[in-house]
Amino acid sequence: MSARARDLYAMHPALNIAVKAARRAGNIISRSSLDVDLLKVSTKQPKDFVTEVDRAAESAIIEVLREAYPSHAILAEETGASGESEFQWIIDPLDGTTNFIHGFPQYAVSIALAQRGVVTQAVVYDPSRNELYTASRGAGAFLNDRRLRVARRDRLGDALIGTGFPFRAMDHADCYLAIFRELMARTAGLRRPGAASLDLAYVAAGRFDAFYEFGLSPWDMAAGSLLITEAGGLVSDLSGEADYLRTGNIVAGSPKIFAQLMQVIRPRLGERLRA
């Protein structure tokens, strides 16, 4: 661990605990990835899977968090909400489960801490690449020990955009496809890797210039959104407001590309989706 990382964790002990929890979950995921074919897989709803690894990783995260902060509330993908506190941990133990069960190495652990609804600490950990993304509000965002800044491209035509298909909200598919079609023609490319928390981390790292998706859950976005803002980017819902954790709809990117992306997205949205 570098001196910079030690100083950051000393100043933000909750971030240190989140990193410990994420690495513990990552170890469970990495061991299980060696025998994916042996996993028990259940279907929560069409195209939405859960495995024993999701549950084991979530239990490990909660154990670490509860030991350090027993009074904090928790919102986790598999076990839901528990406790009442001004502090709430928002957890996705394995974002990209569908990728994981197919042996496609694009998945991550996502942990965020919110205080009175404002995200203050964030960790996204990619165990397959051993890439640890961290952020503390007001202290910047990092990939391992490297400070992150969003990409500097200023033209949509040069931009690489990340997205996710709205598999839970098929009634919005036509709207989504209209946006997708225009962006195919007006950008350098579109990518759909399949793990929103990691896609958002890629925006913070400058690997994507922007990202958009509809119908997400808070645990998909909470950590990644802080990474982006601390790396100098912008994040909003489809109305340009900071209500994405509630609406589940998110647009994020470097400031110039974010503005141009919104100009493509907003005219094609109905009022129902924008709300």
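Scroll up to find the structure this text is about.
Residues numbered from 1 in each chain as written. Predicted model: local features only at pLDDT ≥ 70, side-chain atom pairs only at ≥ 80, totals over all residues. Heavy atoms only, no water.

### With respect to helix α7 (residues 218-230)
Next up, step 1: Under the 1.5 Å per step criterion, the end-to-end length of α7 is 18 Å for 13 residues, consistent within 8% with the ideal 18 Å.
Next up, step 2: The buried fraction of α7 is high, at 11 of 13 residues.
Next up, step 3: Restricting attention to buried positions, one finds in α7 the residues W219, D220, M221, A222, A223, G224, S225, L226, L227, I228 and E230.
Next up, step 4: One or two residues past the end of α7 sits G232, with phi positive at roughly 95°. (Helix = DSSP H or I, 4+ residues; strand = E, 2+ residues; numbered from the N terminus. Expected span 1.5 Å × (residues − 1). Buried < 20%, exposed > 50% of the residue type's maximum accessible area, 1.4 Å probe, protein only.)

### Some remarks on the packing of helix α5 (residues 173-186) against helix α9 (residues 255-265)
Next up, step 1: Closest axis-to-axis distance for the α5/α9 pair is 10 Å, and the angle between their directions is 135°. One finds that α5 runs oblique with respect to α9. In the crossing of α5 with α9, the sense of the turn from one axis to the other is right-handed. On α9, the residues that touch I179, E182, L183 and R186 of α5 are L261, V264 and I265.
Next up, step 2: For the contact of α5 with α9, the class distribution of residues is 5 nonpolar, no polar and 2 charged. (Axes fitted to C-alpha atoms, helices over the stretch in contact; angles between N-to-C directions. Parallel < 35°, antiparallel > 145°, perpendicular 65-115°, else oblique. Left-handed = near helix turned anticlockwise from the far one by under 90°. Contact = heavy atoms within 4.5 Å. Nonpolar A, V, L, I, M, F, W, Y, C, P; charged D, E, K, R; others polar.)

### So, the sheet that holds strand β9 (residues 140-143)
Next up, step 1: The sheet built from 8 strands is open, its strands ordered β4-β3-β5-β6-β7-β8-β9-β10 with mixed pairing. The two strands at the open ends of the sheet, each matched to only one other strand, are β4 (80-82) and β10 (146-147).
Next up, step 2: The pairing of β9 with β10 spans 2 bridges and is classified as antiparallel. Within β10, the residue paired with L143 across the bridge is R146.
Next up, step 3: Across the face of the sheet, helix α2 (residues 13-32) comes into contact with β5 (87-95), β6 (108-115), β7 (118-126) and β8 (131-136) while running at roughly 30° to β7.
Next up, step 4: Against the sheet, helix α3 (residues 52-68) touches β3 (73-76), β4, β5 and β6, its axis set at about 150° to β5. (Pairing = 2+ DSSP bridges.)

### Quick look at the packing of α2 against α3
Next up, step 1: Axis separation between α2 and α3 bottoms out at 9 Å; the angle between their running directions is 160°. Judged on the interaxial angle alone, α3 and α2 are roughly antiparallel. As for how α2 packs across α3, the hand of that crossing is right-handed. Across the interface between the two elements, I17, K20, A21, R24, A25, I28, I29 and S32 of α2 pack against V53, A56, A57, A60, I61, V64, L65 and A68 of α3.
Next up, step 2: Tallied by class, the residues present in the contact of α2 with α3 amount to 13 nonpolar, 1 polar and 2 charged.

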